[in-house]
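# Breakdown of the fold
These are the residues of each chain, in order.
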Amino acid sequence: MGLGLSAIRLDSTLNLIVVVVLALLAIVAVPFFWERWRRKVLGRSGTILVAVVLIVVSTGMGGNMIGGFFPTVGALFGTGVYSGENVNAVAGENGSDLDKLRDAGAMRAKEGKGSVVHMTVTGKRTGLTRDVTVYFPPQYYDQAYRSLKFPVIEWIPNYPSGPEVVTGPYEMPAKLDAAIAKHVLPPTLVIIPDPTGKPKIGHDTECIDEVNGTANDTYLTADIRDWAIDKLGANPQRKAWTMAGWSSGGYCAMNLVTRHPQWYGQAASVSGYYKASVDAETENLFKGRQDIIDANTVSLNLQKHPAPVDILAIAGEKESFESFSIDQIQSGIRAPATLSSWRIPDAGHNMNTFKTQIPDVLAWIGARTVAPCAPQDKKIVSSGGVTPWPLPNTGAKGALVDVVE
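In this text, all values refer to a predicted model and were calculated from it rather than measured experimentally.

All right, on to helix H8 (residues 216-232) then. Of all the bends in H8, the greatest measures close to 30 degrees and is centred on isoleucine 224. Burial analysis of H8 places twelve of its 17 residues in the buried class, which makes it a mostly covered element. Check the buried side of H8 and you find it contacts strand E2 (115-122), strand E3 (129-136), strand E4 (152-156), strand E5 (189-193), strand E6 (241-246) and helix H9 (248-259). In the segment just after H8, glycine 233 is the residue with positive phi, at about 75 degrees.

The next subject is the state of the cysteines. If you walk through the whole model with that rule in mind, you get one disulfide. Here cysteine 207 connects covalently by a disulfide to cysteine 252, the sulfurs 2.1 Å from one another. Taking the sign of the S-S torsion, 85 degrees for the link of cysteine 207 and cysteine 252, the bridge is right-handed. Taken together, the residues span a long stretch of sequence, with cysteine 207 in the loop between E5 and H8 and cysteine 252 in helix H9 at a distance of 45 residues. Side by side, cysteine 207 and cysteine 252 carry an identical accessibility label, which is buried.

This part covers the side chain of threonine 188. Within the secondary structure, threonine 188 is located in the loop between helix H7 (172-181) and E5. We classify threonine 188 as buried; its relative accessible area is 1%. At 2.6 Å, the side chain of threonine 188 and the backbone oxygen of proline 186 are in polar contact. Setting aside chain neighbours within four positions, we find threonine 188 in contact with Tyr135, Pro137, Pro151, Val152, Ile153 and Ile180.

A cis amide bond, omega 5 degrees, links tyrosine 159 with the succeeding residue proline 160. Note that proline 160 resides in the loop between E4 and helix H6 (164-167). Alanine 335 connects to proline 336 through a cis peptide bond whose omega is 15 degrees. Along the chain, proline 336 turns up in the loop between helix H12 (320-332) and strand E9 (338-344). One non-glycine residue, asparagine 212, adopts positive backbone phi at about 55 degrees. As for its placement among the helices and strands, asparagine 212 is situated in the loop between E5 and H8. You can call asparagine 212 exposed: its relative accessible area is 77%.

Conventions adopted
- Residues numbered from 1 in each chain as written.
- Predicted model: local features only at pLDDT ≥ 70, side-chain atom pairs only at ≥ 80, totals over all residues.
- Heavy atoms only, no water.
- Bend = angle between axes of the 7 residues up to and from the residue.
- Helix = DSSP H or I, 4+ residues; strand = E, 2+ residues; numbered from the N terminus.
- Buried < 20%, exposed > 50% of the residue type's maximum accessible area, 1.4 Å probe, protein only.
- Contact = heavy atoms within 4.5 Å.
- Disulfide = S-S within 2.5 Å.
- Polar contact = N/O pair within 3.5 Å; in protein donor to acceptor, adjacent residues only side chain to side chain.

Structure (structure tokens):
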């Protein structure tokens, strides 16, 4: 059942056209059969019901394609069947058998392509088990890099999506391959966790540790970070860790980084906002606690708890709240934090707006993160510049660095 649902595409233009045509035919059928079926109540009711359902489905599919929420019906209903969602392999729980995938990863690496692997990860602190997809750069499977620690981008999907939206509609793996090949981004692990869990609809968590509820923040930060350092060979330096996302994922990235600057150095947001969105889809996250609301407001964290984090905030000119959020963050930021921001002309809150910004977002991250380095290089932090990144056995050559004593 799950595999069947995951085979039905919701992001297909052809499927949308088919549904729209069927909806138009159903609309035409209502007056056409109205008089013929004047004595058939079920017939009249049936044609109206079919027309209404097809109109709703076509409208929903159109909105889904604009927002890029669910690539398949399986993703919509949360079947958890992501093996067909643009991934190259499925690993055991917590990546227990990742070593078995090295040969296949090495074959893809010869073509300059990274590998996308899906698994579930159980947090040691929270006990939460959620879907996690990881992009391994081509260099991860190069024997010369075997002992190096890799930087990480933790990419938070937008609500109500899961990891499959990043590897599918975002087209992120191909963009990462290109950025790394051009030396715009150093070889980087990209971890894509599910910020919501199941069910999704009506359970927007905003990546927050809910008052007397689910510890989403702790899972996405402490649990994922500890797991990646232990299992994936991620670099533990805070400057090696970036959080990024679009829409709600952008808010999550900025909020979690400003809440945990001891673990993260950068946050990149496209169409994110400065405080949690509370609406009909959001769970009762705060239970009326104003102190917890304030503790999850990006502008207040920057103002009250200045830390050496770099933030990128992007919004479209037609995104009023997201643009207002940039102004709020700008007013709250205090040194040593920095803010880079821009507004996209004539752009609104949609997937196309976001996708056009991905190359620039990756370049911004690449100029600030660290390159793969040996475990003993714990005192090296990046000051930008990744052309070229430090390759194995190249000594001092590579990205510009500052050595912190």
